[in-house]
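What follows is the residue order along each chain.
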Amino acid sequence: MTEPEVASEFRRRLVERLKRAGYIRSEAVEQAMLTVPRHLFAPPGVSVEEAYEDEVISLVPGLATLSQPSIVALMLEELGARPGLKTLEIGTASGYNAALLAEIVGDGALVCTIEIDRSLSRQAARNLAAAGYEAVRTRAGDGALGWPEEAPFARIIVTAEATDLSPNLLEQLDETGVLLAPFSAPALPALLLRLSRDAAAIHGGFVGIPVAFVPLRGQYGQAPGEVFDGVRRTLWAVQHRVWENGAALTLDQRLTLDLVAVALAEGAESPAEQLASRAWEAYLDAGQPDLAEVRVTVRPLAECLPTALALRRRAHAFCLELPGQRIPAGGGESSSQEGL
Ligand code: SAH
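All values reported here derive from a predicted model rather than from experimental measurement.

Reading the values: rules and limits
Residues numbered from 1 in each chain as written. Predicted model: local features only at pLDDT ≥ 70, side-chain atom pairs only at ≥ 80, totals over all residues. Heavy atoms only, no water. Near = heavy atom within 4 Å. Polar contact = N/O pair within 3.5 Å; in protein donor to acceptor, adjacent residues only side chain to side chain. Areas by Shrake-Rupley, 256 points an atom, 1.4 Å probe, with all protein chains shown as cover. Helix = DSSP H or I, 4+ residues; strand = E, 2+ residues; numbered from the N terminus. Contact = heavy atoms within 4.5 Å. Salt bridge = Lys/Arg side-chain N within 4 Å of Asp/Glu carboxyl O. Buried < 20%, exposed > 50% of the residue type's maximum accessible area, 1.4 Å probe, protein only. Patch = residues over 30% accessible without salt bridge, like charges linked within 9 Å, V, L, I, M, F, W, Y side chains within 5 Å. Lys, Arg positive; Asp, Glu negative; His and termini not counted. Charge placed at Lys NZ, Arg CZ, Asp CG, Glu CD. Disulfide = S-S within 2.5 Å. Pairing = 2+ DSSP bridges. Right-handed = clockwise from strand over helix to strand, strands pointing away. Phe/Tyr/Trp six-rings, centres within 6.5 Å; stacked < 30°, edge-to-face > 60°. Lys NZ or Arg CZ within 6 Å of the ring centre and 35° of its normal.

1. Digging into the site of the ligand
Not every one of the 24 residues close to the ligand is listed here, only the nearest: Gly91, Glu115, Asp142, Gly143 and Arg217. One nitrogen or oxygen atom from the side chain of aspartate 142 is found 2.8 Å from a nitrogen atom belonging to the ligand. Isolated, the ligand exposes 580 Å² of accessible area, and the fraction of that covered by the protein chains is 100%. If you list the elements that add at least two residues to the shell around the ligand, you get β2 (64–66), β3 (87–90) and β4 (111–115). For the shell around the ligand, the element with the highest residue contribution is β2, accounting for 3 residues.

2. Comments concerning the side chain of arginine 313
The topology assignment puts arginine 313 in the loop between β11 (310–312) and β12 (317–321). Beyond its immediate stretch of four places on either side in the chain, arginine 313 contacts Thr163, Asp164, Ser184, Ala185, Pro186, Glu266 and Phe318.

3. Remarks on the environment of lysine 19
Here lysine 19 shows up in helix α1 (residues 3–20). When the C-alpha atoms of lysine 19 and serine 70 are compared, they prove to be 9.3 Å apart, with 51 residues separating the residues in sequence. Excluding anything up to four places from it in sequence, lysine 19 contacts Ile24 and Glu30. One polar contact links lysine 19 to glutamate 30, side chain to side chain, over a distance of 3.2 Å.

4. Comments concerning the pattern of salt bridges
For the coordinates displayed, the defined rule picks out 11 salt bridges. Of the charged contacts, one joins arginine 139 and glutamate 149 as a salt bridge, the two residues approaching to 3.4 Å between their closest N and O atoms. Within this pair, whereas arginine 139 is found in strand β5 (residues 137–140), its partner glutamate 149 is found in the loop between β5 and β6 (153–158), the two being separated by 10 residues in sequence. Glutamate 266 serves as the salt-bridge partner of arginine 313, at 2.8 Å between the closest nitrogen and oxygen. One end of the pair, arginine 313, is in the loop between β11 and β12; the other, glutamate 266, is in helix α9 (residues 251–267), with 47 residues separating them in the sequence. Taking the relative accessible area as the measure of exposure, glutamate 266 reaches 18% and is therefore buried. Because the salt bridges share partners, they merge into one network encompassing Glu9, Arg12 and Arg13.

5. Focus on a negative patch on the surface
Together, Glu49, Glu50, Glu53 and Glu55 line one region of the surface with negative charge. Relative accessible area serves as the criterion here: at 37%, glutamate 50 is assigned to the partly exposed category.

6. Some thoughts on the state of the cysteines
A complete count under the given rule lists 1 disulfide for this structure. Across the disulfide, cysteine 304 is cross-linked to cysteine 319 (sulfur-sulfur distance 1.9 Å). Here the S-S torsion is close to -60 degrees, and the disulfide linking cysteine 304 with cysteine 319 is therefore left-handed. In this pair, cysteine 304 sits in the loop between β10 (295–299) and β11 while cysteine 319 sits in strand β12, placing the two residues 15 residues apart along the sequence. According to the relative accessible area criterion, cysteine 304 is buried, its value standing at 3%.

7. A few points about the pairing of β3
Of the two faces of β3, the one carrying Thr87 and Glu89 and the one carrying Leu88 and Ile90 are both buried. One ladder, built from 4 bridges, connects β3 with β4; its direction is parallel. Residue pairing for β4: glutamate 89 is matched across the bridge by threonine 113. As for the winding sense of the linkage, the β-α-β connection from β3 through helix α5 (residues 96–105) to β4 is right-handed. Of the pairings in the sheet, the one linking β3 to β6 comprises 4 bridges and is parallel in character. Bridging from a neighbouring strand, isoleucine 90 pairs with valine 158 of β6.

8. Some thoughts on the packing of aromatic side chains
Per the counting criterion, the structure on display carries 2 aromatic pairs. Ring geometry for phenylalanine 183 versus phenylalanine 318: centroids 4.6 Å apart, planes at 45 degrees, classification tilted. With a gap of 135 residues between them, phenylalanine 183 in strand β7 (residues 173–183) and phenylalanine 318 in strand β12 connect regions that are remote in the sequence. As far as the burial class goes, phenylalanine 183 and phenylalanine 318 line up, both buried. In this arrangement the basic side chain of arginine 38 is found over the ring face of tyrosine 96, its NZ or CZ atom lying 5.6 Å from the centre. Residue placement shows arginine 314 over the ring face of tyrosine 220; its charged tip is 4.0 Å from the ring centre.

Structure, rendered in structure tokens:
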């Protein structure tokens, strides 16, 4: 067998495995993963066989990777890319995911991808050309700010862990646009946040499973080693609440409870035990929801719920709504920022 035939056989096996495990769900993602030669995007020294294992491949230690195929598939499914949709990717790395996007949208020229590391961006352009995707638009720069000249986009996919999203990026989504990003709150694993917009707001929720990506760098990156002591202490106190109450929470429920606790701890100076009690009560009141039941709205902090369950970020807050605590239509002139 020739190398392309060998590679094609490895791809077929990988795709079978990802389908069985439920990561690949659509014909479009399946076809794209069967087609794009991942081995042409791997760094030197990675064999063709290794390039088709369901493993992450490091490009720059701690800073850039060729993502794990199962997570790439999961994200493409949740993004809902479709033929003809103009798409922006933040974090080109090798260019592999950009090539998959080109297959799915059906035209490389509809795919724009930004990479903060100049030499990676150059290498990605070479990889894309070698694999036949020279039409994909690559750019070196801080993708957190988006690509204003090419906006609006129907789909935006962030492939590095973000603690915040810039208003510039959110504004570049078109009216029916969808943005997908691994979103991390302090001391928690990154969760896939899917946002869309309507006339009134940008909102959405969490999908899929917790993921691990390299951190987003640049203007909207996390400061190195940034830790929130209050958050850590509160999460410990939450752990005690769960033990004391002998509660049997699923991993998903536990993540939801922790997210509520982080949101409370970020916004208040109260002692950890008190914050943990408030988080626990709010969580029980809401009927012990799963992550998928938490609604996220990106808006000014003052317009969050009276409970102020919000991750406060630079230009806006990520307001969390638990079941039964919907934000009243029209926003919150009357909201106060304390309580629960
Ligand atoms: N999409 C890739 C995986 C990306 S790894 C794939 O197909 O496998 C994350 C990449 O995001 C890294 O290459 C990193 O350098 C890049 N990155 C981090 N912060 C960025 C930013 N602000 N703008 C653009 N790229 C960024």
